[in-house]
Amino acid sequence: MIKNNWLRWVLLGLGILIVGGGVFAWQYGQTHFAPKTTINGKSVAGLTANQATQKLASSSSTITNRVYLNGKLLVTGKQQTLANVTKAQVKTALKNHHGLFAKKANTVDLTSSDEVVTYRSNTLEKQVSDALTAYNKTATAAHPTYYYLKDGNIKTQAATKGTQVNVTKALASYKNQIKQLKDIKLKTSSSTATKAETVAAEKVKQNLKDSLTKTLVYHVGGKDYTLKGSDYIVNTKPGQTPTVDLTALEAKLTKINNSDSTQGKSFSVKLLNSGKTIMTNNTTDSNYGWSLSVKSEAKMLADKFISSTIKSGTKVDMKNYSGQNISYNRSSAIGSTRVEINLTTLHEYIYVNGKQKEDIPVMSGTLSGSNKTPTGLFHILYKQSPSTLTGKNDNGSAYASKVSYWEPLTEDGVGMHDSSWQPSKVYGNPTYRSTYHSHGCLNNPPSKMKSVWDNTTTTEPVIIYK
């Protein structure tokens, strides 16, 4: 019986202790800050409102406004003094951050910090943004695997991480720390190449490969030349798009121009009507032929070599040139479709593919003086039917002659046309030239000019000789 009483008293005592401990713990938790609690950056864990107030009052109230980037000082702002925290503020904070068993850290800002936040949100943030931008200018940029050309082979430069920072993300981190009223610490990891940069680098690789293997079929003066990209694509720097050696390409085009162009050059031409060989002149009167604009043409071809839209084997017609008759080159002379005009006999011969279509007696201008018919190699500029020819007579009076067919050969108005005003006896008769000569044109009998029109084309060569 005694033993049972003793046990009863022991259990009662333990119960009182447990209840009392619980009451004490509850009471303690209500009057003390929870673990890991900070106010204005100072630890107040386990302190009462009075103790926390005293600690905060004795601690520094100066804000240095320093900003660090990856542990290194980035910006030093101006120092600011904060107002002391009041006991009433601490008691209010205790109501929300008390207890013994809180697992999370509680960060509390009680100081009147409007002035600090305003400064940090404006002046200091601008300084930080400028400092980050300046930092990136000297920091290493990340880049993907780069591809480049060296001695005709595609090489690689390994991808690298950079030390540059993402300014947008860094500023977002800065803004999250503005109200913490302590030094701001920004942390960034090494930057890496973006997806867009990687895609661009791979595109450079493919473009280099395509440009090296690309061929262009260059059609110039009626001939085809095969140009190989490997002959003109030159060494590049890592990450650069292909570049063309314009000097080498211009040298190739100059060689083609010298061998094939026809403008301003004398030709040894065998006449179809007589078999006689004559030399055409290269004076300014002679406007036949074409000549490459080498630099412009080289730039045009270079762009096609490096363009990803131009496929290998593409045929490219010459584009930048002066003159006409672009289908002819020196090796094929002027072709067998032509007009031959003998000023000595006043006869005009029309040929199509070497076959004579007409032998027409004509009247020309004089052999010298202001009304002379120029000699040389020309081409038909255009064809017009009908037309009205205008100009001035030797006495200064104006004339306007209507013709059915007009085929000009020079820019100053010499050409082939019908001439209804000429007596039929003058055609093909040099003795009438002094009296019935034209102003330089080749006057054709009206009955024959339609055949000239039908058997000639624009840009066709015309040889006028004595």
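Residues numbered from 1 in each chain as written. Predicted model: local features only at pLDDT ≥ 70, side-chain atom pairs only at ≥ 80, totals over all residues. Heavy atoms only, no water.

### Details of the environment of Lys55
The topology assignment puts Lys55 in helix α2 (residues 49-58). At 2.7 Å, the side chain of Lys55 forms a polar contact with the backbone oxygen of Ser43. (Helix = DSSP H or I, 4+ residues; strand = E, 2+ residues; numbered from the N terminus. Polar contact = N/O pair within 3.5 Å; in protein donor to acceptor, adjacent residues only side chain to side chain.)

### A short note on the pairing of strand β25 (residues 398-403)
Working note: regular strand, side chains alternate between the two faces of the sheet. One ladder, built from six bridges, connects strand β24 (residues 387-392) with β25; its direction is antiparallel. If you follow Lys392 over to β25, its bridge partner there is Ala398. Hairpin connection, β24 to β25: the antiparallel pair is bridged by five residues, and Gly396 has positive phi, about 95°. (Pairing = 2+ DSSP bridges.)

### As for the sheet that holds strand β7 (residues 106-108)
Sheet strands line up and pair through hydrogen bonds in the backbone, either parallel or antiparallel. Spatial strand order, β2-β1-β7: three strands in an open sheet with mixed pairing. Looking at strand neighbours, the two that pair on one side only are β2 (42-43) and β7, the edges of this open sheet.

### Examining the sheet that holds strand β12 (residues 223-228)
With mixed pairing, the three strands of this open sheet are ordered in space as β12-β11-β18. Both outer strands of the open sheet, β12 and β18 (314-317), are each paired with one neighbouring strand and no more. With strand direction ignored, the average angle separating the axes of adjacent strands in the sheet is 30°. Examined bridge by bridge, strand β11 (residues 215-220) and β12 share six bridges and lie antiparallel to one another. (Axes fitted to C-alpha atoms, helices over the stretch in contact; angles between N-to-C directions.)

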